[in-house]
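# Observations on the three-dimensional arrangement
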Amino acid sequence: MIKIHLLAVFIGCFLDLCFGDPRWLWHPVCGIGSLISRLEKFLRRRFPEGEKGERRAGVWLVILVLLTVGTLSGAVVVCAYSISPYAGVAAESIMFGQMMAWRSLRMESMKVYEAFCKKDTEEARKAVSMIVGRDTEALSDIGIAKAAIETVAENTSDGIIAPLLAMVLFGGPGVFLYKAVNTMDSMVGYKNDKYLWFGWAAARLDDICNFIPSRLSALFMMGAGYLCQLFYEKRKDQNPFNGKNGVKIFKRDRFNHKSPNSAQTESVCAGVLQIQLAGNAVYFGKTYEKPTIGDDIRPVEYQDISRANDLMTVTYGLALMTVLILFFIV
């Protein structure tokens, strides 16, 4: 059964590579998001305000979302395999292809890069606002570039390696359940007045689910850093990549974030690119003090968005090579 999941992984990756997330096609995450919104309204009416009531409501949100998503996605896979193994592989391939975010992450982040190439700061600001949760109105050019780089680094784990691991281990339902957890965290996992207690369970579950994937992603990214450095040395260009520094900054700064997972890949990316990321950020009009990640060896420039995407792509390639090896061993 694992080998069948692995075959679906490669087909799903090919689908993501070719098609990504077409805007005209309905996406399951939209359905998951709608379910979360409806359940939030329902549960807030059923439980009293205050820490105790909101915590209980948040726990029930997690239970009901996972139960619904797991049941529906599991039913699709079981029905498909009951028809034939080919139908089962096709179903899981489509499910995984929809949940893999390499193409969409690269396309959306490179829109920021392309806007800077045209010297259009406002277009870059608009593009980055589509992929980050922070306020972007007051960001400088460097701030916009940093926001895009940080998103690519963090989502290398959340959007690529974690879904890949979930698919390998648990098939289509596993990757749907992972995305359900990830979507809950992105919608209700904020530490503000509205979601501090209601989103507590979703945020903690997301931390648990991403604990191993974030660290695996960092390991793959460290290897990718050395490969990118080697590639640039072969071209005899000025080399912006430094694999050794990626390992150094990872060891030092991997916990410079309130989340136990977010700085794992951000620290590697900052170290490999020899730049400084993170620092204070504004969310919903409020400034949050955050430690920096990496050393200011050279100033951040918009070209680093493209380099971060190269690092992400090589990281993805190393992970797929590992899956390919597993495919022939199993």
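Above this note sits the structure.
A brief look at the structure comes next.

Conventions adopted
- Residues numbered from 1 in each chain as written.
- Predicted model: local features only at pLDDT ≥ 70, side-chain atom pairs only at ≥ 80, totals over all residues.
- Heavy atoms only, no water.
- Helix = DSSP H or I, 4+ residues; strand = E, 2+ residues; numbered from the N terminus.
- Rg over C-alpha atoms; globule rule 2.2 N^0.38 Å.
- Buried < 20%, exposed > 50% of the residue type's maximum accessible area, 1.4 Å probe, protein only.
- Contact = heavy atoms within 4.5 Å.
- Lys, Arg positive; Asp, Glu negative; His and termini not counted.
- Charge placed at Lys NZ, Arg CZ, Asp CG, Glu CD.
- Salt bridge = Lys/Arg side-chain N within 4 Å of Asp/Glu carboxyl O.
- 1 Å grid on protein atoms, 1.4 Å probe; cavity = no way out; pocket = protein on both sides within 12 Å on 5 of 7 lines; lining within 4 Å.
- Points joined across faces, edges and corners; volume = space filled by probe spheres on them.
- Nonpolar A, V, L, I, M, F, W, Y, C, P; charged D, E, K, R; others polar.
- Patch = residues over 30% accessible without salt bridge, like charges linked within 9 Å, V, L, I, M, F, W, Y side chains within 5 Å.
- Areas by Shrake-Rupley, 256 points an atom, 1.4 Å probe, with all protein chains shown as cover.

What follows concerns the overall build of the protein. Assigned secondary structure in the protein consists of 12 helices and 4 strands. Here the C-alpha atoms of the protein give a radius of gyration of 20 Å, agreeing with the 20 Å that 2.2 N^0.38 yields for 330 residues. Expressed as lengths along the three principal axes of its C-alpha atoms, the size of the protein is roughly 55 × 55 × 35 Å. Residue burial in the protein is summarised as follows: out of 330 residues, 49% are buried. Pairs at least 24 apart in sequence give 71% of the contacts found in the protein among residues at least 6 apart. With 37 positive and 32 negative side-chain charges, the protein shows a separation of 4 Å between the mean positions of the two kinds.

Turning our eyes to something else, we now look at the pattern of salt bridges. For the structure on display, the rule yields 13 salt bridges. Where R125 meets E122, a salt bridge forms, and the shortest distance between an N and an O atom there is 3.4 Å. With a gap of 3 residues between them, R125 and E122 both fall in helix α6 (residues 121–129), about one helical turn apart. Among the charged side chains, a salt-bridge network with shared partners connects R298, E301, D304 and R307.

On to the layout of surface pockets, then. The computed volume of the second largest pocket comes to approximately 270 Å³. If you go around the second largest pocket, you meet 13 residues; those closest to its centre are A166, F170, Y178, C209 and P213. Broken down by secondary-structure element, the contributors of at least two residues to the lining of the second largest pocket are α7 (141–188), α8 (200–209) and α9 (211–235). The biggest single contributor to the lining of the second largest pocket is α7, with 9 residues. Of the residues in the lining of the second largest pocket, the class split is 12 nonpolar, 1 polar and no charged.

On the surface, a cluster of nonpolar side chains totalling about 380 Å² of accessible area is made up of F211, I212, L216 and L219. Considering the arrangement of structural elements, one finds F211 in helix α9. With a relative accessible area of 41%, F211 lands in the partly exposed category.

Outside of glycine, negative phi angles account for most residues, and trans bonds account for most peptide bonds. For K119, which is not a glycine, the phi torsion comes out positive at approximately 60°. Overall, K119 belongs to the exposed group, its relative accessible area being 75%. Here the phi dihedral of Q274 falls at roughly 60°; this positive angle occurs in a residue that is not glycine. By secondary structure assignment, the location of Q274 is in the loop between α11 (262–273) and β1 (277–278).

These figures come from the coordinates and say nothing about function on their own.
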